[in-house]
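Below, each chain spelled out in residue letters.
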Amino acid sequence: MGGGGGYVFKKSLHIPNVILIIGESTQRNLMGLYGYPLQNNPHLTDLQKSGNLFTFTDVVSPNVYTDYCVPKITTFSNNDNNDIPWYKQMNIVDTMRLAGYNTYWFSNQEALSIWGAGPQLISRRAEHLYNSALADTSGATSYDSILLKSFDNAKVSGKERFIVFHLMGAHVGYVNRYPKTYNIFNVKTLREKHLDFLGSKKLDDNQATFRAQYINAILFNDYVVNEIIKRFSNEDSIVFYLSDHGDEVYQVSDFVGHSASNPTKNMVEIPFMIYVSDTFKQKHKDIVERIEKSQNLPFMSDGFIHAFLDLLGIQSPELDYTRSLFSKDYNKSRKRIILGLDYDKDIKNSTTSLKPKL
């Protein structure tokens, strides 16, 4: 997974703070930032109104499982080169190290997992790794805010720093993702706002409770992401946020969670956003312009590393500009295949769960 000296052959920019926040199980269709009627993104909405946060409207994940998606986000592995194992391809952490960045990884996910080791192995490429949990955290009550304390207590140094925060976000066990003070939305809220339906069918109390808990998890996620951003807002900083995949929460299927056997649009339609500080906007106006122009392009997150490096002015041998939505050479017509299904033809307008074509 590593690389030797001279691997990065061009670096045209020097940005002191580059931050990547990887969310978990967070779909965009139940986010106020993306038009959901309940305002569960007050902080991020304010940042968007200020002109510092840019949201991308048509981004999907390459799968519905973390152990598949995170390696696709953080290495050059993609759905077109699956014949090469992801762990034999260069990763984002080693690339940033070779580009001169001090690398940090703060994770609220398990250091050892029964679900696969992809994210854990990639995180260990960082020079400084902070894990909040050792074992599987499906039922954990360690909120993502624990990473704020970890960061504040860490000795983060270096002229240029690449920092990853890997959240638990809105993982199943939604009620465990936020403190009681964030128990804002409930079944009554959904009933009053007429947001308690699966198609034309009214949700029962159990189903509505799951959805309300998920919406509260997104509300707390809004707080955590904003708090991370605040820690870099007074410096020259850029913050990337995207979720690994989403969850279905009784929207088009009588199902809650994520599963490759009955995928839905909500399991793959994810939020992707970029925050830039005021200092960054002043120093890197050309980058901000490229971000603004790209917000509505179709994109799948298995191309993230290409877009990320392109935007930061870092070239490496594997960089493919046709996979970077910030490049003039971006191929916006590339098919987005998920579990053998064509997202734009099979998934995007579907109103039921689907059968994978594997």
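Scope of this entry: the structure provided in the associated data block. (Residues numbered from 1 in each chain as written. Predicted model: local features only at pLDDT ≥ 70, side-chain atom pairs only at ≥ 80, totals over all residues. Heavy atoms only, no water.)

### Examining the pattern of salt bridges
Threshold: Criterion for a salt bridge: a side-chain nitrogen of Lys or Arg within 4 Å of a carboxyl oxygen of Asp or Glu. What counts as a helix is a DSSP run of H or I of at least four residues, what counts as a strand is a run of E of at least two, and both are numbered from the N terminus.
Within the structure shown, the criterion is met by 20 salt bridges. When the shortest N-O distance is used, the salt bridge between arginine 97 and aspartate 94 registers 4.0 Å. Taken together, the residues span about one helical turn, with arginine 97 and aspartate 94 both in helix H3 (residues 92-98) at a distance of 3 residues. Notably, a salt bridge pairs arginine 191 with aspartate 196, separated by 2.9 Å at the nearest N-O pair.

### A word on the pairing of strand E7 (residues 161-166)
Applied cut-off: Only protein chains enter the accessibility calculation, which uses a 1.4 Å probe. A residue is then buried if its area is under 20% of the maximum for its type, exposed if over 50%, and partly exposed in between. Pairing between strands requires that DSSP locate at least two bridges from one strand to the other.
Burial analysis of E7 places 6 of its 6 residues in the buried class, the great majority of the element. Residues Arg161, Ile163 and Phe165 line one face of E7 and the alternating positions Phe162, Val164 and His166 line the opposite face, and both faces are buried. Direction of pairing for strand E5 (residues 102-110) relative to E7: parallel, over a ladder of 6 bridges. Within E7, the position partnered with phenylalanine 106 by the bridge is phenylalanine 165.

### Looking at the sheet that holds strand E2 (residues 17-23)
Using the following cut-off: Lines are fitted to the C-alpha atoms to define the axes, a helix being fitted only along its stretch in contact, and any angle between axes, read from their N-to-C directions, falls within 0 to 180 degrees. We call two residues contacting when some pair of their heavy atoms lies within 4.5 Å.
Taking strand neighbours across the sheet as the criterion, the 7 strands line up as E3-E13-E10-E2-E7-E5-E6 in an open arrangement whose pairing is mixed. Since the sheet does not close on itself, it has two edges, and those belong to strand E3 (53-56) and strand E6 (128-133), each with one partner. Taken over all neighbouring pairs, the strand axes of this sheet differ in orientation by 10° on average, direction set aside. Packing of helix H5 (residues 146-153) onto the sheet brings it into contact with E5, E6 and E7, and relative to E5 it is tilted by some 150°. Its contacts with the sheet place helix H9 (residues 285-293) against E3, strand E10 (237-243) and strand E13 (272-276), and it is angled at close to 35° to E3.

### What to know about H5
Going by this rule: To obtain the arc, one takes the directions from the helix axis to the C-beta atoms.
Taken as a whole, H5 has its buried residues at Leu147, Leu148 and Phe151. Relative to the axis of H5, the buried residues are bounded by an arc of 105° and lie together on one face. The exposed set on the far side of H5, more than 90 degrees from its buried face, consists of Lys149 and Asn153. Buried residues along H5 sit against E5, E7 and helix H7 (205-230).

### Details of empty space enclosed by the protein
The condition that has to hold: A cavity here means a set of 1 Å grid points, computed over protein atoms only, where a 1.4 Å probe fits but cannot escape. A pocket is an open set with protein on both sides within 12 Å along at least 5 of 7 lines, and lining residues have an atom within 4 Å of a point. Grid points are joined across faces, edges and corners, and a volume is the space filled by probe spheres set on the points.
Under the defined criterion, the tally for this structure stands at 1 cavity of 30 Å³ or more. When contributions to the lining of the largest cavity are tallied by element, the ones reaching two or more residues are E5 and helix H4 (118-123).

### Considerations on the pairing of E10
Counting buried positions along E10 gives 7 out of 7 residues, so the element sits mostly inside the fold. Burial along E10 is two-sided: Ser237, Val239, Tyr241 and Ser243 facing one way and Ile238, Phe240 and Leu242 facing the other are all buried. Two strands pair when backbone bridges link them, and E2 and E10 are joined in this way by 7 bridges, in the parallel orientation. Counted as the bridge partner of asparagine 17 is serine 237 from E10. Judged from the 5 bridges that link them, E10 and E13 form a sheet pairing that is antiparallel. Residue pairing for E13: isoleucine 238 is matched across the bridge by valine 276.

### Description of unusual backbone geometry
The phi dihedral of histidine 194 is positive, around 55°, even though this residue is not glycine. The residue histidine 194 is located in the loop between helix H6 (187-192) and strand E8 (197-198) in this model. If you check the backbone angles, leucine 339 has positive phi at about 55° while not being a glycine. The topology assignment puts leucine 339 in the loop between strand E16 (337-338) and strand E17 (341-342). For leucine 339, a relative accessible area of 10% gives the class buried.

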